[in-house]
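Each chain is listed here by its residues.
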Amino acid sequence: MIRDILHRLRSIFRHSTVERELDDELRHHLDLQADRYLAMGWTRDAAMRQARLDIGGFEQVKEEHRDVRGTRGLEDLGRDARVAFRMLRRVPLLTATAIITVGLGVGVNTLVFSVVEGLVLRPLPIEKPGRVWFVQRLGPFVSHSFPFYTKLRDRNRTFAQLAGYRITMMQVETPRGPAHAWGYLATGSYFRMLGVKPARGRLFQESDDLAPGSSRYAVLSYDYWQMAFDGDEAVVGATIRINRQPYSVLGVAPKGFYGTEVFYRPAIWVPMMMQAQIEVGHPWLDNPNTANTWVIGRLADGTTPVQATDDLNAIARRVAVESGTSNDEPDLIRLTRPGLIGDAIGGPARVFGLGLLALAGLVLLATCANLAGGLAARSADRQREMAIRVAVGAGRGRLMRQLLTETLVLVVMGAAVGTTGAALVATALSQWQLPVALPVQLDTTIDWNVGIFAVVAAVMTVVGIGIGPALRAAKTDPHSSLGLRDANLTRKWPLRDVLVSAQVAICVLLVSGSLLAGRGLMNALRMPLGMSPGGVMTASFDLGLAGYSRAAGDTLRRRILERLRVHPGVQQVAYGNSLPLNIDQSTTNVYPADRSSMSPRDSMSAFTYQVSPEFFGTLGIRFVEGRSFTEQDTANSQRVAIVNEALAKRIHGAGSPIGRQIRFGRAAPPMTIVGVVETGKYQVLTEAAAPAIFEPMLQVPNTMTVILVRSASADVAQTIRQVVRETDPALPLMAIRPVEEMLGYVRLPMQAAALTLGAFGSLAAMLAATGIYGVVAYAVSRRRRDLAIRVALGAQRRGLIRLVLQRTFVLVAIGTVAGVVLTFSLRSTLASLVYLPAATSPWSWVAVVGFVAAIAAGACAWPMFRALRINPATALAAE
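Reading the values: the criteria
- Residues numbered from 1 in each chain as written.
- Predicted model: local features only at pLDDT ≥ 70, side-chain atom pairs only at ≥ 80, totals over all residues.
- Heavy atoms only, no water.
- Helix = DSSP H or I, 4+ residues; strand = E, 2+ residues; numbered from the N terminus.
- Buried < 20%, exposed > 50% of the residue type's maximum accessible area, 1.4 Å probe, protein only.
- Contact = heavy atoms within 4.5 Å.
- Areas by Shrake-Rupley, 256 points an atom, 1.4 Å probe, with all protein chains shown as cover.
- Polar contact = N/O pair within 3.5 Å; in protein donor to acceptor, adjacent residues only side chain to side chain.
- Core = buried A, V, L, I, M, F, W, Y, C linked by side-chain atoms within 4.5 Å.
- Patch = residues over 30% accessible without salt bridge, like charges linked within 9 Å, V, L, I, M, F, W, Y side chains within 5 Å.
- Salt bridge = Lys/Arg side-chain N within 4 Å of Asp/Glu carboxyl O.
- Expected span 1.5 Å × (residues − 1).
- Arc of directions from axis to C-beta.
- Phe/Tyr/Trp six-rings, centres within 6.5 Å; stacked < 30°, edge-to-face > 60°.
- Lys NZ or Arg CZ within 6 Å of the ring centre and 35° of its normal.
- Axes fitted to C-alpha atoms, helices over the stretch in contact; angles between N-to-C directions.
- Parallel < 35°, antiparallel > 145°, perpendicular 65-115°, else oblique.
- Left-handed = near helix turned anticlockwise from the far one by under 90°.
- Nonpolar A, V, L, I, M, F, W, Y, C, P; charged D, E, K, R; others polar.

K.L.:
Any chance you could break down the overall build of the protein chain for me, citing the residues and the numbers?
P.N.:
If you tally the helices and strands in the protein chain, you get 29 helices and 22 strands. Taken across its 879 residues, the protein chain has 51% of its residues classed as buried. In the protein chain, the share of contacts with a sequence separation of at least 24, taken over all contacts with a separation of at least 6, comes to 79%. A total of about 39,600 Å² of accessible surface is found on the protein chain, and carbon and sulfur atoms cover 59% of it.

K.L.:
Give me the lowdown on the environment of tyrosine 264, citing residues and values where you can.
P.N.:
Looking at where tyrosine 264 falls in the secondary structure, it is placed in the loop between strand 8 (245-252) and strand 9 (268-271). In this structure tyrosine 264 comes out as buried when scored by relative accessible area, which is 0%. Along the backbone, tyrosine 264 and glycine 339 are 75 residues apart, and their C-alpha atoms lie at a distance of 9.4 Å. Here tyrosine 264 is in contact with Ile167, Thr168, Trp182, Gly183, Tyr184, Tyr258, Leu438 and Pro439, once residues within four sequence places are set aside. At 2.8 Å, the side chain of tyrosine 264 and the backbone oxygen of glycine 183 are in polar contact.

K.L.:
Any details on unusual backbone geometry? Residues and values, ideally.
P.N.:
Phi is positive for lysine 128, close to 45°, though the residue is something other than glycine. Among the structural elements, lysine 128 can be located in the loop between helix 6 (92-121) and strand 1 (132-137). Judged by relative accessible area, which is 56%, lysine 128 ranks as exposed. The backbone of aspartate 230 shows a phi angle near 55°, a positive value even though the residue is not glycine. Relative to the helices and strands, aspartate 230 resides in the loop between helix 9 (222-229) and strand 7 (239-242).

K.L.:
An account of helix 7 (residues 146-155) is requested, with residue identities and associated values reported.
P.N.:
Of all the positions in helix 7, only Phe146, Pro147, Phe148, Tyr149, Thr150 and Leu152 are classed as buried. Next to the buried residues of helix 7 lie strand 2 (144-145), strand 3 (159-174), strand 10 (291-299), helix 11 (305-323) and strand 11 (333-336).

K.L.:
Any chance you could break down the side chain of aspartate 633 for me, citing the residues and the numbers?
P.N.:
Along the chain, the position of aspartate 633 falls in the loop between strand 16 (623-626) and strand 17 (640-644). In terms of polar contacts, aspartate 633 uses its side chain to reach the side chain of arginine 627, at 3.2 Å. Within polar-contact distance, the side chain of aspartate 633 engages the backbone nitrogen of threonine 630 at 2.9 Å. Look past the residues within four positions of aspartate 633 in its chain and what remains in contact with it is Arg627, Val640, Pro696, Leu698 and Gln699.

K.L.:
Describe the nonpolar core, naming the residues involved and giving the relevant values.
P.N.:
Counting 44 residues, the largest nonpolar core has Leu220 and Ile242 as the members making the most contacts within it. Here leucine 220 is in contact with Trp225, Phe229, Val235, Ile240, Val249, Gly251, Val252, Ala253, Ala267, Ile268 and Trp269, once residues within four sequence places are set aside.

K.L.:
Mind laying out a nonpolar patch on the surface, listing which residues take part and the relevant values?
P.N.:
Taken together, Ile100, Leu104 and Met766 make up a surface patch of nonpolar side chains, about 250 Å² in accessible area. Positionally, isoleucine 100 belongs in helix 6. On the basis of relative accessibility, which here comes to 55%, the residue isoleucine 100 falls in the exposed class.

K.L.:
Describe helix 19 (residues 550-565), with residues and values.
P.N.:
For helix 19, which comprises 16 residues, the first-to-last C-alpha distance of 23 Å matches the rise-based estimate of 22 Å (1.5 Å per residue) to within 8%. Listed in full, the buried residues belonging to helix 19 are Gly553, Asp554, Leu556, Arg557, Ile560, Leu561 and Leu564. Projection of helix 19 onto a plane perpendicular to its axis shows the buried side chains occupying an angular sector of 165°, all on one side. Against strand 12 (536-542), strand 13 (570-576), strand 21 (704-711) and helix 22 (716-727) lie the buried residues of helix 19.

K.L.:
How would you explain the packing of aromatic side chains if you had to name every residue and give the values?
P.N.:
Counted under the stated rule, the structure contains 22 aromatic pairs. Relative to tryptophan 225, the ring of tyrosine 222 lies with its centre 5.5 Å away and its plane at 70°, an arrangement referred to as edge-to-face. Highlighted residues: tyrosine 222 and tryptophan 225, both in helix 9, separated by three residues, approximately one helical turn. On the basis of relative accessible area, tryptophan 225 is assigned to the buried category, the value being 1%. Through a chain of ring-to-ring contacts, three or more aromatic side chains come together here, namely Tyr165, Tyr184, Tyr190, Phe191, Phe204, Phe257, Tyr264, Trp269 and Trp294. The ring of tyrosine 258 is capped by arginine 265, whose NZ or CZ atom sits 4.1 Å from the centre of that ring. Note that arginine 337 overlies the ring of tryptophan 133, its terminal NZ or CZ placed 4.0 Å from the centroid.

K.L.:
Account for the packing of helix 7 against helix 11, with residues named and values stated.
P.N.:
As a packed pair, helix 7 and helix 11 sit with axes 10 Å apart at the nearest point and diverge in direction by 125°. Accordingly, the angle class assigned to the pair helix 7 and helix 11 is oblique. You can see that helix 7 and helix 11 cross each other, and the crossing is right-handed. Facing Phe148, Lys151, Leu152 and Arg155 of helix 7, the residues of helix 11 in contact are Leu312, Ile315, Ala316, Val319 and Glu322. Tallied by class, the residues present in the contact of helix 7 with helix 11 amount to six nonpolar, no polar and three charged.

Structure (C-alpha cells):
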C-alpha cells in the first residue's frame with residue numbers, strides 16, 4: 001500500500017526535490033517504528049528489519065540511499081537549503097530586512113578591518129619582516145642625529161644591519177619637463193637590510209654611499225618609472241638631472257614596494273651622502289644637534305628585541321658620557337614596529353584602529369541582537385509547526401539543522417552584499433588622495449586576511465543569530481505547543497526582550513560617542529592654535545632647487561614681498577621656511593647659554609622656524625612681551641631669537657627671558673632672546689604645550705620658502721602666481737593654497753573619527769528602532785484577542801497604551817542605563833579616537849536620553865496605532 005501511494009505521488013511530482021523529501025520523511029517513520037521494537041528488547045538489526053517489513057517497500061528506498069553516511073551530509077544540506085529558500089520567500093519583508101541588516105553589520109566590520117589591516121597589521125613587503133624594527137628615541141620626537149646613527153651602526157652587536165633614511169623633496173627633470181618629486185634619502189645599507197630585489201637594474205649599496213657629495217646615484221620607484229618615464233628600459237643606466245645636477249639611475253625598485261612607511265608613496269631614492277645637494281642650503285649630516293634621521297634595523301640571528309634594546313641603550317649612555325651630556329635617564333631608545341614612523345604615527349594609529357574595530361564589533365553585536373530578536377519572535381510563531389513536525393516523528397536535531405540552515409542562508413546573502421559594498425568602498429579609499437602636500441595614500445584593498453575576517457564575522461553572526469531559535473526548536477513540547485497555552489507569554493523575560501535592551505545599550509554608547517566626537521571636532525575647530533590662519537594664502541618654492549645663492553635668494557624674496565604689498569586687497573605679507581602645523585617640521589635641542597654642562601637636563605627639543613620680520617603679524621601670532629625682528633637683524637648683527645612661552649618657562653622659569661641667551665649646542669653661537677610669543681600648536685592638535693623658537697631668515701638662511709599673504713581679495717592666489725612669474729618665470733611653485741586648507745591634514749583624524757562614529761551611531765539607532773518596533777508589534781499581534789476583549793468591555797485608550805507599552809518602556813530604560821554606564825567605562829577608548837572635551841556636559845546626556853526616547857516613541861507609534869484601532873468583533877471572529 002505504501003508503495004502504491006509513493007508511486008502515485010512520484011507520478012505527479014517528478015521533481016527530484018520532492019522525491020528526496022518523501023524519502024526523508026519515510027526514513028523518519030522507519031526510525032520511529034524501529035524504536036518501538038528496540039523498546040521491547042529487540043536487537044538493532046532485528047528491529048530495523050521488522051520495521052522495513054511493517055512499512056513495506058523500503059528496500060527500494062534503501063537501495064537509492066545505500067551509502068547514507070557517505071553522501072547523506074551534502075544531500076541533506078542541499079535539501080535544507082532549498083527548504084530554507086522556500087520558507088524565506090514566504091516572509092519577504094523579514095528576509096529583505098535581515099539581508100540588509102547583516103550586510104551593514106558584516107560590511108562595516110570588513111571595511112574597518114581592511115583599514116586597520118592595511119595601516120597597522122599588514123607587514124612591510126620585505127624579507128622576514130618580523131626581524132625588522134624601527135629604532136626610536138624616547139620622547140615626542142623619534143628621529144636621531146646622523147652622527148648618533150653612525151655610532152649605533154658601528155658599535156652595536158645585536159643588529160645584523162642598521163639603516164638611516166629621511167623623507168625629502170627634490171626636483172627631477174623628466175621627458176615631460178622638470179617637476180617636484182618626493183623621495184627618500186637613505187643610507188647605502190637600506191635596500192640590502194630590507195632584502196629588496198630590483199625590478200630592473202640594481203639598487204644602491206654601502207659602496208655607493210661612502211663620502212659626502214660623491215654618490216650621484218638614484219633608484220626609481222616602479223610607479224614613478226611608469227608614470228614619469230613611461231616604463232622606458234633605457235632609463236636604467238642613463239643620467240637624469242636632480243636639482244639640476246646629473247645622477248645615474250642604477251635601477252627600479254620592485255612593484256608594490258614603497259619604502260619603509262606604509263602611507264608614503266615615494267618617487268625616488270638617493271644615497272644619504274647626497275643630503276647637502278638634495279636639501280640645498282641646509283646641510284646637517286655632521287650636526288649632532290639636528291635630529292633628522294629615522295633609523296631602522298634587522299636583528300641578528302638569535303637576538304631578541306629586548307637584548308637589542310639593552311645594547312642600544314648602553315651605547316647611547318656611553319655616547320652621552322663621551323659628549324659630556326650624560327644624565328640619569330635609564331633608557332633613551334626603544335624598538336617599535338616599522339611602517340608608521342615608530343610611535344610618532346604608529347602609537348595613535350594602533351589605538352585608533354583597535355578602538356574603531358571594537359566599536360565596529362559593537363555594531364555587529366547590535367546587528368546580531370536585532371536579527372536574533374526578530375527570528376526569536378518568528379520561531380515563537382512557528383512553535384505549532386515545530387510541534388507538529390515533532391509529533392509526526394521529526395528529530396529535534398533535524399529541526400535545529402533546518403533553522404540553522406535558514407539563518408545560514410540569510411547571513412550568506414547578507415554577508416555577500418556587505419562584503420561587496422566594503423570592497424567597493426575600500427577600493428575608493430585606496431585611490432583617494434589625502435589633502436596633504438606629501439604623496440600620502442592608504443592601501444585598504446581587500447586581501448586574503450580581510451576575506452578570512454569577513455568569513456569569521458559571518459560565522460559569528462550565524463552563531464549569534466541562529467543558536468537561540470535552534471535551541472528553542474530542539475526543546476519543543478508538542479503537548480504544550482499544540483494546546484491553547486502560549487509558552488512565550490508565560491515567560492517573564494523572553495530572549496527577544498533582553499536583546500532589545502542590549503540594542504538600546506549599544507545605541508546609547510555609539511550615539512554618545514557620536515555626540516562626543518562632534519563636540520570634540522567643534523572644539524578642535526575652535527581651539528586656540530597660537531595663530532589666526534583665516535584669510536592667509538601661502539605659496540611654496542625652494543630656492544636651492546632653483547639654483548639661487550644666499551644673497552640672490554634674499555633679494556628675490558624681498559622683491560616678491562615688495563610687489564605683493566602694492567596689490568589692492570593685500571594687507572600683510574611675509575615669508576618663512578615653514579608654518580606651525582605644516583607637515584614639514586624641524587626640531588633642535590636648545591640649551592641656556594649660561595650653563596656649561598650642556599646636559600640633557602638643561603636642554604629641550606624645540607620646533608625651529610626661520611622667518612621674516614612680518615611673519616608674526618601676517619600669521620596672527622600674538623606677542624606676550626618683547627619685540628619682533630627687524631631688517632637690521634642680519635648676518636652681520638648679533639644673533640637674536642624669539643621663543644614661545646613654553647620654552648621661556650622651561651628654561652628661564654617665571655622671570656622674563658628678554659635679554660637672556662640660548663644656543664643650539666656648546667659650539668653654536670649664542671642667541672639673545674628679544675621677544676616671547678604665545679604658545680601654539682606645531683605638529684598635532686592634541687599635543688601638550690611644546691617649545692618653539694623663531695630665528696630671522698636673514699641671519700639663518702634656509703632655501704625653503706613659504707610666502708604668506710593676508711588679503712581680503714578673492715583672487716589672491718592668481719595675484720601671487722602672477723607676481724612670482726613676473727619676478728622669475730623659471731621659479732617652480734610647489735603649491736598655492738590657504739592656510740586653512742593646509743590645516744586639513746591635522747584635522748583629518750578627528751573628522752574621520754567624527755564621521756565614522758556618526759555613521760556607527762546612526763546605524764545603531766536604526767537597529768534599536770527596528771528592534772523596539774518588532775517587540776511592540778509582536779506584543780500587539782500576540783495579545784490581539786486580549787486587547788479585543790478589553791476594548792469590548794470598555795477599556796480606555798490610556799489603559800491600552802499602558803498595557804502595551806509598559807514593558808517596552810522598562811526595556812528601553814534598562815538599556816539606556818546600561819548604555820550610559822558602558823559609555824563611562826569606555827571613555828578612555830573614545831578619548832583615543834577623538835579630541836574629547838575636558839568634561840561631559842549634563843546636557844549631552846540629556847540629549848542622548850532624549851534621542852533614544854524619540855527613537856522608542858517613533859518605533860512604538862505604528863503598532864500602538866494599530867492596537868487602538870482593533871475591532872473587537874473582527875478580532876474575536878478571527879480567533
